Amino acid sequence: MNVAELGEVLGSLGEPKWRGKQVAEAIYRQRIVDVEGITPLPKALREKLREEGWQVGRPSLVQVFTSVDGTERYLVQGPADGLTVETVWMPEGDEGEAGDTTGEEAGGEGGGRNWDRATICVSSQVGCAVNCQFCLTAKLGLQRNLTAGEIAGQVVAVLDRHGVEIGKDRVNLVFMGMGEPFLNYDNFMQGVRLLVEEVGLSPQRMTVSTSGIVPGIERFAQEPAEIRPKLAISLNAPNDQVRSEVMPINRKWPIEAVVDAVRGVKLRARERVTFEYVLLGGVTDQPKHAAEVARLVRRTGLPAKVNLIAWNPGPGVPYSTPSEDAVETFRRALGAEGVPVYLRRPRGRDIYAACGQLKRTVEAP
Ligand code: SAH
Ligand code: SF4
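The following refers to the structure shown. Note that this is a predicted model, so its numbers are computed, not measured. (Residues numbered from 1 in each chain as written. Chains lettered and ligands numbered in written order. Predicted model: local features only at pLDDT ≥ 70, side-chain atom pairs only at ≥ 80, totals over all residues. Heavy atoms only, no water.)

Once that is clear, we can look at the environment of Thr207. As for its position among the elements, Thr207 is in strand 8 (residues 206-210). Between the C-alpha atoms of Thr207 and Gln154, which are 53 residues apart in sequence, the distance is 16 Å. Among all residues touching Thr207, those that are not within four sequence positions of it are Leu173, Val174, Phe175, Met176, Pro229, Lys230, Leu231 and Ala232. (Helix = DSSP H or I, 4+ residues; strand = E, 2+ residues; numbered from the N terminus. Contact = heavy atoms within 4.5 Å.)

Moving on to the packing of helix 2 (residues 19-29) against helix 6 (residues 185-199). Running from N to C, helix 2 and helix 6 point in directions that differ by 105°, and their axes come no closer than 10 Å. Classed by the angle they form, the pair helix 2 and helix 6 counts as roughly perpendicular. Together, Ala24, Tyr28 and Arg29 of helix 2 and Leu194, Glu197, Glu198 and Val199 of helix 6 make up the contact between the two elements. Considered class by class, the residues forming the contact of helix 2 with helix 6 number four nonpolar, no polar and three charged. (Axes fitted to C-alpha atoms, helices over the stretch in contact; angles between N-to-C directions. Parallel < 35°, antiparallel > 145°, perpendicular 65-115°, else oblique. Nonpolar A, V, L, I, M, F, W, Y, C, P; charged D, E, K, R; others polar.)

Attention now goes to the side chain of Asn184. Turning to its location among the elements, Asn184 is positioned in the loop between strand 7 (170-175) and helix 6. Judged by its relative accessible area of 4%, Asn184 is buried. (Buried < 20%, exposed > 50% of the residue type's maximum accessible area, 1.4 Å probe, protein only.)

Packed helix pairs are characterised by how far apart their axes lie and by the angle those axes make with each other. Where helix 5 (residues 148-161) meets helix 6, the axes come as close as 7 Å, and the angle between the chain directions of the two elements is 40°. One way to sum up the angle between helix 5 and helix 6 is to call them oblique. Handedness of the crossing formed by helix 5 with helix 6: right-handed. Counting all contacts with helix 5, which are made through Ala148, Gly149, Ile151, Ala152, Val155, Val156 and Leu159, the residues of helix 6 involved are Asn187, Phe188, Gln190, Gly191, Leu194, Leu195 and Val199. Looking at the contact of helix 5 with helix 6 residue by residue, the classes come out as ten nonpolar, four polar and no charged. (Left-handed = near helix turned anticlockwise from the far one by under 90°.)

On to the site of ligand 2, then. By nearness alone, every residue bordering ligand 2 is listed as Cys128, Val130, Asn131, Cys132, Cys135, Ala138, Gly179, Glu180 and Ser211. Looking at the shell around ligand 2 residue by residue, the class counts come to five nonpolar, three polar and one charged. (Near = heavy atom within 4 Å.)

Inspection of the region around ligand 1 gives 19 residues, with Gly179, Ser209, Ser234, Asn236 and Asn312 positioned closest. Ser234 places a polar side-chain atom, nitrogen or oxygen, 2.6 Å from an oxygen atom of ligand 1. At 3.2 Å from an oxygen atom of ligand 1 is found a side-chain nitrogen or oxygen belonging to Glu276. Look at ligand 1: alone it shows 530 Å² of surface, and the protein chains cover 95% of it. (Polar contact = N/O pair within 3.5 Å; in protein donor to acceptor, adjacent residues only side chain to side chain. Areas by Shrake-Rupley, 256 points an atom, 1.4 Å probe, with all protein chains shown as cover.)

Here it is, written out as structure tokens:
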């Protein structure tokens, strides 16, 4: 709930609506986890709220997996049902290098701070219906949508675990966890609004990734700049033929349709659209593919950059990781064609936290 909705609840109990602001402050800014702890409210009112069954519905991090690179993967469970999603914390040291952190240092809850900035990877659905052939999450199928509160709640729980101070610490969000955000559009955007308006994070530090859901991109294009995250498109192939093979959704919304929809987004000054490109060994990582991708990206006419991701393996997923040589050759080829290109370093591969590996691998206790 946002301030207004909280105000309605308090109003219905005969309280002034401005109490909604006190409650929002407490749960989103001070990150209070129970009604009892919302001390700006009189004790009698807190009692009454509890009697009426109101709770602070904060999801719990029921399991924590810690990678040698400092990445933490959480199994997150809300109070609604037993289903879990995964959320990932990726700290960066002051050199932008976290590869040398030991597991022990990284594991201490609320312990010494070994990060200078961090990125949180957020889930939008339990499982995913999109069926990309290279993605482990696809194997779950779609179990259900997350609510706006569950989407924002993941973030709040992780901010809390690491003692993040809003307005002081640099934290980025990527909506690149489990699920397709644009197939849960309303809840996703409502979650973003909670994170911007109540939690106080900037939408310019958030990126949402979509497999290319055209009606979702069209709605996204209408969102005001004050709450719209940056956009990333999972391109993942050099042309429609290969893309339809690895991402069957391409038969419904082919590359040109996706690009057309993206053209409708009014970009902010210096904002660029990201094209994510998973390198599948032998399938999408050949030099001729790089040349095609460069042409494709230029043809869009969009201010764009390409994020290369070497495919991360998962059990039962029939692809192979490209050789380091192939990755490097691909990156250089794009660069030489004048396309801004970045290589995404895999994070937390040892704990299955890397891109495309998020899947409920264990049951919550
Ligand atoms: N559903 C959204 C967001 C989550 S997936 C989307 O598909 O865009 C986030 C990114 O991980 C996508 O770009 C996807 O192509 C990539 N990805 C999926 N499986 C992967 C794997 N096994 N290795 C590397 N990247 C993968
Ligand atoms: Fe879903 Fe994204 Fe995985 Fe495709 S890559 S199955 S859209 S989570």
